[in-house]
Amino acid sequence: MTFPSSVHALGLLAQGGEHGGQHDSLNPYFIGGFGLFILLLLLWITTRFNRDR
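How each quantity is defined
- Residues numbered from 1 in each chain as written.
- Predicted model: local features only at pLDDT ≥ 70, side-chain atom pairs only at ≥ 80, totals over all residues.
- Heavy atoms only, no water.
- Phe/Tyr/Trp six-rings, centres within 6.5 Å; stacked < 30°, edge-to-face > 60°.
- Helix = DSSP H or I, 4+ residues; strand = E, 2+ residues; numbered from the N terminus.
- Expected span 1.5 Å × (residues − 1).
- Polar contact = N/O pair within 3.5 Å; in protein donor to acceptor, adjacent residues only side chain to side chain.

### Here we look at the packing of aromatic side chains
- Within this structure, the stated rule accounts for one aromatic pair.
- Taking 6.3 Å as the distance between ring centres and 20° as the angle between the ring planes, the aromatic pair formed by F30 and F34 counts as stacked. Note that F30 and F34 are positioned in helix α2 (residues 28-49) at a spacing of four residues, about one turn of the helix.

Below, the structure is given as structure tokens:
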């Protein structure tokens, strides 16, 4: 694959991502809140198993 054809292919790939690629039903605040909840749950589980302190 030559450099100009690679640039053209990457340009076409970049044009396809103009809409963000997100599904309409995905709320970023819900996803972020759920991720935070999971991380806090994992932190809580980790601290429950670390009884030596």
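After that view, the rundown keeps rolling.
### A short note on α2
- Taking 1.5 Å of rise per residue, 22 residues should cover 32 Å, and α2 covers 32 Å from first to last C-alpha, within 8% of that figure.
- Its side-chain oxygen 3.2 Å from the backbone nitrogen of Y29, N27 forms the N-cap of α2.

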